[in-house]
Amino acid sequence: MTKASAYAAFDKSSPLGPFSLERREPGARDVQFDILFCGVCHSDLHTVRSEWEGTVYPCVPGHEIVGKVTKVGDNVTKFKVGDRVAVGCMVDSCKTCPSCKAGLEQYCDNRAVVFTYNSPDEHIPGKRTYGGYSTQIVVDERFCLKVPGNLDLAGTAPLLCAGITLYSPLKHWETGPSKKVGIVGLGGLGHMGVKISHAMGAHTVLFTTSPDKAEDAKRLGADEVVVSKNADEMKKQSESLDLIVNTVAASHDLDAYTSLLKRDGTMVLVGLPEHPHPSPSVGNLLSKRRSLAGSMIGGIPETQEMLDFCSAHNIVSDIEMIPIQKINEAYERMLKSDVKYRFVIDMASLRN
Ligand code: NAP
Ligand code: ZN
C-alpha cells in the first residue's frame, strides 16, 4: 500500500477537508499514476451531500482525472512510465456480460460497475473506492485512457465525464450536418455539448437560464442561443429540433422542451437532479411520436474515441483552475451557475 494525500467529505453537511488514504500496490494489470488535475463535476456535489442517497463517508470525490504514469504491472501492455493518462467515472465492471463485451461497461448487465468513488473497493476489503481529489491512483489498465499529445492536460480532465456524457448521446442519436440539436444548460456538461455538437456539424441551439452566457455560447459553437425564461424565444423553436440533450441539474418542467421536438425527435436527459422532474405530458409525446430518453456517461472504447475526436477537432474544456483548498467555495459557485465552465483542481496544491 502507498499513502496518498486527498480531500474528503466526512458527512453530508460539513465542508471537505484534508484526508490521507491508501492505494493498493499495482497488480500485474494495474497502472499507477500521479494525478496532476481533476475536474469538479456536479455529480461530486450531489454525492458529497448525499443528494442521491447511499454516500459512505469519508468520501473522496473526483472522476475527471488526468496525470502521468509512475509505475506499471508486469502484464500491462498499453502504458509505460511517463505516459499521459486519464480515468473517468468507472474503474471496473464484470467484463463478461453482453454490455461489457460490447464496450458499454456503464450498463453492465450484472450491475457490477465499480465507480471511481463511493463504490465498494474489492481490492481493499471494507473500504470504498476513492476518487481523484487525491495525489495518486491505481487502476486496471482496461479502465485507463490515453491522452492525445496535442491536448492541454488540465483542459482534458473534464472530457472524462462532461465530455463523454455529451459525446455518447450525440453520437448514438446520430448528430450530424443535417440535424438541429438543442443543448439545455451551459454548465460543465452543456458547454462540452455545444462544442461537440458543433464539431459534429449539427445546427446547435443552446438553451440557457443565464442571458449573460449568450455571447460565450456563440463563441463555443452555438448557432443560436435561446433564453429559456423568454416564452417568445422558446415558441420560435417549436417542433423544430431533432434532438435535445438536457444537462440541467435541477428539477424543472420537461414539457417546455419536448414541445420543441419535431416528429420522431428525442430529448435525452443526462442531468440527474436530487428531486424528480414533474411528470411529463404524455400528450406532448404521443402527438408527434416523440421520445424521452436517458443516457449515462459512455463506455471505455467510446471514451477513447471521444478523446481522439477532441484531439482531431482541438477541443478541450474551458476551465477555471483552483487549488484544492478552494473546493468548498467552488461548490457554492457551481450551484449559482457561476463557473466558466468547469472548475479543475491543480493537484500541485495538495503536494505542498
Ligand atoms: P453544472 O456545471 O452545474 O451545470 C448545470 C447547468 O444547468 C447550469 O450551468 C445551468 O445552466 C443549468 N441550471 C442549473 N440550475 C438550473 C435550474 N434550476 N433551472 C434551469 N437550469 C438550471 O453541472 P454539470 O456538472 O454540467 O452536471 C449537470 C447534471 O448532469 C448534474 O445533475 C450531474 O449530476 C449530471 N451528470 C450526469 C451524467 C450522466 O452520465 N448522465 C454525468 C455527469 C453529470 P444555465 O446557466 O445555462 O441555465
Ligand atoms: Zn461527472
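Engineer: Even after reading the chapter, I still don't get the packing of helix α4 (residues 162-172) against helix α10 (residues 300-312), so can you show me in this structure?
Structural biologist: For any two helices packed against each other, the geometry comes down to the angle between their axes and how far apart the axes lie. Between α4 and α10, the least distance of the axes is 10 Å, while the angle of their chain directions is 95 degrees. Relative to α10, α4 is oriented roughly perpendicular. Listed contacts from α10 to G163, I164, Y167, S168 and K171 of α4 are E302, T303, E305, M306 and F309. A class-by-class count of the residues in the contact of α4 with α10 yields four nonpolar, three polar and three charged.

Engineer: For this particular structure, what's the right way to read the packing of aromatic side chains?
Structural biologist: Pairs of aromatic rings are described using the distance from one ring centre to the other and the angle between the two planes. Evaluation of the coordinates by the stated rule reveals four aromatic pairs. Judged by centre distance (6.0 Å) and plane angle (75 degrees), the ring pair of F10 and F19 falls under edge-to-face. Ring centres of F207 and Y257 lie 5.6 Å apart, and the angle between their planes is 85 degrees; on these two criteria the pair is classed as edge-to-face. Residue F207 is located in strand β11 (residues 203-208), and its partner Y257 is located in helix α8 (residues 255-258); the two are separated by 50 residues in the primary sequence. Exposure remark for F207: the relative accessible area of 1% places this residue in the buried category. With a relative accessible area of 6%, Y257 lands in the buried category. One aromatic cluster is present, formed by F10, F19 and Y130 through successive ring pairs. Across the ring face of F79, the terminal group of K146 is positioned such that the distance to the ring centre comes to 5.1 Å.

Engineer: Looking at this structure, I do not really get the environment of N230. What am I missing?
Structural biologist: By the secondary structure assignment, N230 is in the loop between β12 (224-227) and α7 (231-235). The class of N230 is partly exposed, set by a relative accessible area of 30%. Once the C-alpha coordinates of N230 and D92 are considered, the two residues, 138 residues apart in sequence, prove to be 44 Å apart. In terms of polar contacts, N230 uses its side chain to reach the backbone amide nitrogen of E233, at 3.0 Å.

The rules we used
- Residues numbered from 1 in each chain as written.
- Chains lettered and ligands numbered in written order.
- Predicted model: local features only at pLDDT ≥ 70, side-chain atom pairs only at ≥ 80, totals over all residues.
- Heavy atoms only, no water.
- Axes fitted to C-alpha atoms, helices over the stretch in contact; angles between N-to-C directions.
- Helix = DSSP H or I, 4+ residues; strand = E, 2+ residues; numbered from the N terminus.
- Parallel < 35°, antiparallel > 145°, perpendicular 65-115°, else oblique.
- Contact = heavy atoms within 4.5 Å.
- Nonpolar A, V, L, I, M, F, W, Y, C, P; charged D, E, K, R; others polar.
- Phe/Tyr/Trp six-rings, centres within 6.5 Å; stacked < 30°, edge-to-face > 60°.
- Buried < 20%, exposed > 50% of the residue type's maximum accessible area, 1.4 Å probe, protein only.
- Lys NZ or Arg CZ within 6 Å of the ring centre and 35° of its normal.
- Polar contact = N/O pair within 3.5 Å; in protein donor to acceptor, adjacent residues only side chain to side chain.

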